[in-house]
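Listed here are the chains, written in short residue letters.
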Amino acid sequence: MANICSTSSSSSSSINNVLFLLLAVLLVFFINTEALKPKVTRLEFYMHDIVSGPNQTAVRVAPTEPVNFTSPDPIAASFGSLSVLDNPLTATPDPKSPLLGRAQGIYAMSSQHEEFSLLMTLTYVMVSGPYNGSTFSVVGRNPVMEDVREMPIVGGTGTFRLARGYCLAQTHSLNEMNAVIRYNVTLIHYY
Ligand SMILES: *[C@@H]1O[C@H](CO)[C@@H](O)[C@H](O)[C@H]1NC(C)=O
Ligand SMILES: *[C@@H]1O[C@H](CO)[C@@H](O)[C@H](O)[C@H]1NC(C)=O
Ligand SMILES: *[C@@H]1O[C@H](CO)[C@@H](O)[C@H](O)[C@H]1NC(C)=O
Ligand SMILES: *[C@@H]1O[C@H](CO)[C@@H](O)[C@H](O)[C@H]1NC(C)=O
């Protein structure tokens, strides 16, 4: 009798254990899927790429002599040039409009034939608003003479940790070689 009682109580407690474990697993699963639910964020801003004048933001570091755009093949002549930049990102095309962030990094003329094309390796850091301090990184090809250029977003930090996405860049205005570029950015992230 004592044996039967003890057997039945131990089997009901092992059923309880199984149920408890199942609940715990479900709870952890629920919390994890909540945390990893992807969020989509869209950003719009204007980047100021100022390559000459008093407020220069992009500096050609190699070779240091300017590209000869009147040479028979300016694309080949510009191939291999490398610039380091720290470009402001503003809310409107007006450079005095609110500063949203900065694009910092390197671009290089990486096409020898047919069209001007840059390899972009840039980090975009937000310096105001809800994403202040968060960054996302762009690595990709930028055929600068095309109307709209799409570039991949390969990662990020802060709110944009684990981000992926893409940006569409469109030249808004060009004064000499100083450009204002409109960016539409789509980010998928989890934080
Ligand atoms: C350079 O920046 C200063 C300070 O923001 C501004 O007053 C000036 O107008 C700018 N110059 C040009 C050529 O944009
Ligand atoms: C630029 O290229 C053109 C055509 O080849 C040449 O006549 C001119 O001297 C070059 N200018 C410079 C500054 O090298
Ligand atoms: C952005 O974050 C930095 C560092 O935390 C802080 O110093 C700054 O005041 C913030 N700027 C805005 C506009 O919130
Ligand atoms: C960027 O977004 C705006 C709307 O916010 C739209 O008018 C514009 O066409 C978009 N640019 C590109 C290149 O898709």
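Residues numbered from 1 in each chain as written. Chains lettered and ligands numbered in written order. Predicted model: local features only at pLDDT ≥ 70, side-chain atom pairs only at ≥ 80, totals over all residues. Heavy atoms only, no water.

Visitor: Which parts of the structure should I look at to understand the environment of Arg-149?
Guide: In this structure, Arg-149 sits in strand β7 (residues 148-157). Each C-alpha atom, one on Arg-149 and one on Tyr-183, is 9.7 Å from the other, the two residues being 34 residues apart in sequence. What Arg-149 contacts, discounting residues up to four positions off in sequence, is Asn-142, Pro-143, Val-144, Cys-167, Leu-168, Ala-169, Gln-170, Thr-171 and Ile-181. In terms of polar contacts, Arg-149 uses its side chain to reach the backbone carbonyl oxygen of Val-144, at 3.5 Å. A distance of 3.0 Å separates a polar atom in the side chain of Arg-149 from a polar atom in the side chain of Thr-171. (Helix = DSSP H or I, 4+ residues; strand = E, 2+ residues; numbered from the N terminus. Contact = heavy atoms within 4.5 Å. Polar contact = N/O pair within 3.5 Å; in protein donor to acceptor, adjacent residues only side chain to side chain.)

Visitor: Help me understand unusual backbone geometry in this model?
Guide: Residue Pro-63 is reached from Ala-62 by a cis peptide bond, and omega for that bond is -25°. By the element assignment, Pro-63 lies in the loop between β2 (58-62) and α2 (74-78). At Glu-114, a position not held by glycine, the phi torsion is positive, near 70°. If you trace the backbone, Glu-114 turns up in the loop between β4 (99-109) and β5 (118-126). Positive phi outside glycine occurs at Glu-176, with the angle close to 60°. Its location among the elements puts Glu-176 in the loop between β8 (164-175) and β9 (178-189).

Visitor: Any chance you could explain the site of ligand 3 here in plain terms?
Guide: The local shell around ligand 3 consists of Val-127, Ser-128 and Asn-132. The separation between an oxygen atom of ligand 3 and a polar side-chain atom of Asn-132 is 2.4 Å. Look at ligand 3: alone it shows 360 Å² of surface, and the protein chains cover 22% of it. (Near = heavy atom within 4 Å. Areas by Shrake-Rupley, 256 points an atom, 1.4 Å probe, with all protein chains shown as cover.)

Visitor: Would you take a moment to explain the packing of aromatic side chains for this structure?
Guide: Ring pairs (aromatic) are described by centroid distance and by the angle formed between their planes. One pass over the structure, following the stated rule, counts 6 aromatic pairs. A centroid spacing of 5.0 Å and a plane angle of 0° characterise the contact between Tyr-124 and Phe-136, whose relative ring orientation is stacked. Placement of Tyr-124 in strand β5 and of Phe-136 in strand β6 (residues 135-142) is noted, with a sequence separation of 12 residues between them. Looking at Phe-136, the relative accessible area reads 0%, which means it is buried. Plain terms: the ring middles of Tyr-131 and Phe-160 are 5.1 Å apart, the flat faces sit at 35° to each other, and that makes the pair tilted. (Phe/Tyr/Trp six-rings, centres within 6.5 Å; stacked < 30°, edge-to-face > 60°. Buried < 20%, exposed > 50% of the residue type's maximum accessible area, 1.4 Å probe, protein only.)

Visitor: When you look at the nonpolar core in this model, what are you seeing that I'm missing?
Guide: Soluble, globular proteins show a tendency: their nonpolar side chains are buried together. In this structure, Leu-43, Phe-45, Tyr-124, Phe-136, Tyr-183, Val-185 and Leu-187 are the most contacted members of the largest nonpolar core, which totals 29 residues. Looking at this core, the elements that each hand over two or more residues are β1 (39-49), β3 (82-90), β4, β5, β6, β7, β8 and β9. Once residues within four sequence positions are removed from consideration, Tyr-183 is found in contact with Leu-43, Glu-44, Phe-45, Met-47, Met-120, Tyr-124, Met-151, Cys-167, Leu-168 and Ala-169. (Core = buried A, V, L, I, M, F, W, Y, C linked by side-chain atoms within 4.5 Å.)

Visitor: I'm lost on the pairing of β4 in this one. Help?
Guide: On any regular strand, side chains alternate: one points to one face of the sheet, the next to the other face. In the sheet, β3 pairs with β4 via 9 bridges, with the strands oriented antiparallel. Residue pairing in the sheet places Asp-86 in a bridge with Gln-104 of β4. (Pairing = 2+ DSSP bridges.)

Visitor: I'm lost on a nonpolar patch on the surface in this one. Help?
Guide: Where nonpolar side chains cluster on the molecular surface, the patch consists of Val-59, Val-61, Leu-82, Val-84 and Ile-106 and spans about 350 Å² of accessible area. The class of Val-84 is partly exposed, set by a relative accessible area of 40%. (Patch = residues over 30% accessible without salt bridge, like charges linked within 9 Å, V, L, I, M, F, W, Y side chains within 5 Å. Salt bridge = Lys/Arg side-chain N within 4 Å of Asp/Glu carboxyl O.)

Visitor: Honestly, the side chain of Thr-41 in this entry has me stumped. Any pointers?
Guide: Assignment of secondary structure puts Thr-41 in strand β1. Judged by relative accessible area, Thr-41 falls into the buried class, the value being 7%. Those residues in contact with Thr-41, other than ones at most four positions away along the chain, are Tyr-131, Phe-160, Val-185, Thr-186, Leu-187 and His-189.

Visitor: I keep staring at the environment of Ser-128 and nothing clicks. Help me out?
Guide: Relative to the assigned elements, Ser-128 resides in the loop between β5 and β6. Apart from the residues within four sequence positions on either side, Ser-128 is in contact with Leu-99 and Leu-100. Looking at Ser-128, its side chain comes within polar contact range of the main-chain oxygen of Leu-99, at 2.9 Å.

Any functional reading would require information that these geometric values do not contain.
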